[in-house]
Amino acid sequence: MSSSTLDYSQDPKRPQYDLIIRKDQPFNAEPQIQDLVKHYITPEKYMFVRSHGPVPMHLDDSHIITIQGGINTKQFTVQQLKTQFEKAHVMMAMQCAGNRRDGLHRVKHTKGVIWGAAAVGNSTFAGCRLRDVLHAVGVVSFKNDLHVAFESVEQCEETNCYGSSIPLCKALDEFGDVLLAYEMNGKPLTRDHGYPLRVVVPGYIGARSVKYLKSIIVQDHESTSYFQQRDYKLLPGNVDCEKEAEEYWCKVPSIGEFNVQSFVCYPPPTHDNEMNKLIMAQGYALSGGGRGIQRVDVSNDNGETWQVAKLYQPSLTTSAHIWGWCLWTIPLDYKGYPIVCRAVDSAGNVQQEYPVWNYRGVLNNSWRTVNL
C-alpha cells in the first residue's frame, strides 16, 4: 500500500515511553542502550516498538480470528480464546532481525530502519497455546512440509497487510511454547504491542510474532506475504540493491531462529571514562532456538585478552528450552579501548569477529564494531 494513503492520525500517544525514535511513521523506536539492562524483564517503557504501518483501531475482545486447518475452518473471538483454552505463560526475548543494523550500515548502505543494539527486550507473555487451538480445529499431527501462516489486520507501507509463517512442527511442538498472546508483563497488550491478540514465537526473529492477528491457515507452503518472501532473508554479500535482490528472493530461505548475540550496554559508547578506573560493565546475551548462553567473554584491550563475565540466566536450570535472555556483569579497568563482548551458546555457537554485511542488514552479531 502506498505510504501516502496510510492514515497515522489515530496512532496512540506515547508519553509513557522513554525511547529513541528511529522512524516516526510508521512508529519504530528503541530505548537508550544503558536503559536496556536495568531490568531482567523489560518494562514497556523500555521495550522497542516495531511497526510496518498505522496502529489498527477499534479492536477489542470481540475481534474474530479465523483458523483454517485442512478441511476445517473455525472462528473464535479473542474472548472465546481467553475462556475456552488454558492460559499459558512464556518468558522470552523478542528481537528484531535488524537489531544492530547500524553496525552493518557503517560498512555499506543497508535497506531498513537503522536500529542500534536495543531492538530487543525480554518479556513475559500470556495467552493460549497455538498448539491447543490447532488441535481444536483437527490439526493434531504434522508433516515436515506444512506451515502455519498468520495474517494481521495491520496495513503496511510495503503491502496490503502484514503476514508471516512458521513450520507446523514448531507450532505443534509440546515444548515450542508458541502462544496466541493477549498479555505482556502481566497486563493486557497495548496497541503498539499487538492488542488485542498477537502470535509470539519464542526463539525466532520478531518478524514471525505477528501482531493484530486476524487469521491462521495451515498450508503446504510458507506464507506468500511480502515479509516472508521478499524480506527478512540473509542475502549474499554481492547483492547491494533491489534489482540485484530480485534474483535471490526465491532462492534464499526465510529467517526463522536468530543467531547468538551479545552487546555491551554499560558503559554506553558516549560515556566519558577515566583511564584505569574500575567500572562495572553490563550487557545482554541471547541465542535462538531455545539455546541458552554458556559463556560471555569480555575484553577491555581491543580483543587481546578476555575475561569471563558473571551471568544472570534464571531459567537455565528450570526449562527445557531457554527462551529468555541472559544479563551479564563484570568489573573491568578502563584502558582506553571500547569494551567488547562475545557470547557462546549451549551449542557452541560463538559470535564472529567482524560484521558480515548484507543488503537487508539482518542478523548482525559481530563482536567488533566498525567505526567510520
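Check the entry above for the structure.
Residues numbered from 1 in each chain as written. Predicted model: local features only at pLDDT ≥ 70, side-chain atom pairs only at ≥ 80, totals over all residues. Heavy atoms only, no water.

K.L.:
Is there a simple way to think about unusual backbone geometry in this case?
P.N.:
For residues besides glycine, phi is generally negative; the peptide bonds are generally trans as well. The linkage connecting Gln 25 with the following residue, Pro 26, adopts the cis geometry, with an omega of -5°. Its location among the elements puts Pro 26 in the loop between β1 (19–23) and β2 (28–31). In the segment running from Tyr 195 into Pro 196, the intervening peptide bond is cis, with an omega of 10°. Along the chain, Pro 196 turns up in the loop between β10 (187–188) and β11 (198–200). (Helix = DSSP H or I, 4+ residues; strand = E, 2+ residues; numbered from the N terminus.)

K.L.:
Looking at this model, I keep getting lost on the packing of aromatic side chains. Mind explaining?
P.N.:
To describe a pair of aromatic rings, you give the distance between the ring centres and the angle between the ring planes. Under the definition given, this model contains eight aromatic pairs. Taking 5.7 Å as the distance between ring centres and 15° as the angle between the ring planes, the aromatic pair formed by Tyr 284 and Trp 325 counts as stacked. Note that Tyr 284 is positioned in strand β14 (residues 278–286) and Trp 325 in the loop between β17 (310–312) and β18 (326–333), a separation of 41 residues in sequence. Accessibility expressed as a relative area gives 0% for Tyr 284, which makes it buried. Overall, the relative accessible area of 0% leaves Trp 325 in the buried class. (Phe/Tyr/Trp six-rings, centres within 6.5 Å; stacked < 30°, edge-to-face > 60°. Buried < 20%, exposed > 50% of the residue type's maximum accessible area, 1.4 Å probe, protein only.)

K.L.:
Explanation requested: the layout of surface pockets in the structure shown.
P.N.:
By rolling a water-sized probe across the atoms, one finds the places where empty space is left. Approximately 800 Å³ is the volume attributed to the largest pocket. Lining the largest pocket are 36 residues; nearest its centre among them are Phe 263, Val 264, Pro 268, Pro 269 and Thr 270. The element best represented in the lining of the largest pocket is strand β13 (residues 261–266), accounting for three residues. By residue class, the composition of the lining of the largest pocket is 18 nonpolar, 13 polar and five charged. (1 Å grid on protein atoms, 1.4 Å probe; cavity = no way out; pocket = protein on both sides within 12 Å on 5 of 7 lines; lining within 4 Å. Points joined across faces, edges and corners; volume = space filled by probe spheres on them. Nonpolar A, V, L, I, M, F, W, Y, C, P; charged D, E, K, R; others polar.)

K.L.:
Can you walk me through the state of the cysteines in this structure?
P.N.:
If you walk through the whole model with that rule in mind, you get zero disulfides. No disulfide involves Cys 161; its sulfur sits 6.8 Å from the nearest other cysteine sulfur, which is in Cys 156. The buried category is assigned to Cys 161, whose relative accessible area is 17%. Left unpaired, Cys 169 is separated from the closest cysteine sulfur, that of Cys 128, by 20 Å. (Disulfide = S-S within 2.5 Å.)

K.L.:
Please explain the nonpolar core as it appears in this structure.
P.N.:
A general trend in soluble globular proteins is that nonpolar side chains are found buried together. Ranked by size, the top nonpolar core spans 55 residues in total, and within it Leu 134, Val 148, Leu 180, Ile 216 and Tyr 284 carry the most contacts. In this view, Ile 216 contacts Ile 65, Thr 66, Ile 67, Gln 68, Leu 130, Leu 134, Val 148, Ala 149, Phe 150 and Leu 180; residues no more than four positions away in its chain are not counted. (Core = buried A, V, L, I, M, F, W, Y, C linked by side-chain atoms within 4.5 Å. Contact = heavy atoms within 4.5 Å.)

K.L.:
What is the right way to read the pairing of strand β6 (residues 120–129) from this model?
P.N.:
Each regular strand carries side chains that alternate between the two faces of the sheet. For β6, the tally of buried residues reaches eight of 10 residues, placing the bulk of the element in the interior. In this structure, strand β5 (residues 87–95) lies alongside β6, joined through nine bridges in antiparallel fashion. Bridge pairing in β6 links His 89 to Ala 126. Taken together, the five bridges between β6 and strand β9 (residues 179–184) define a ladder with antiparallel strand orientation. Its bridge partner being in β9, Gly 127 is matched across the sheet by Ala 181. (Pairing = 2+ DSSP bridges.)

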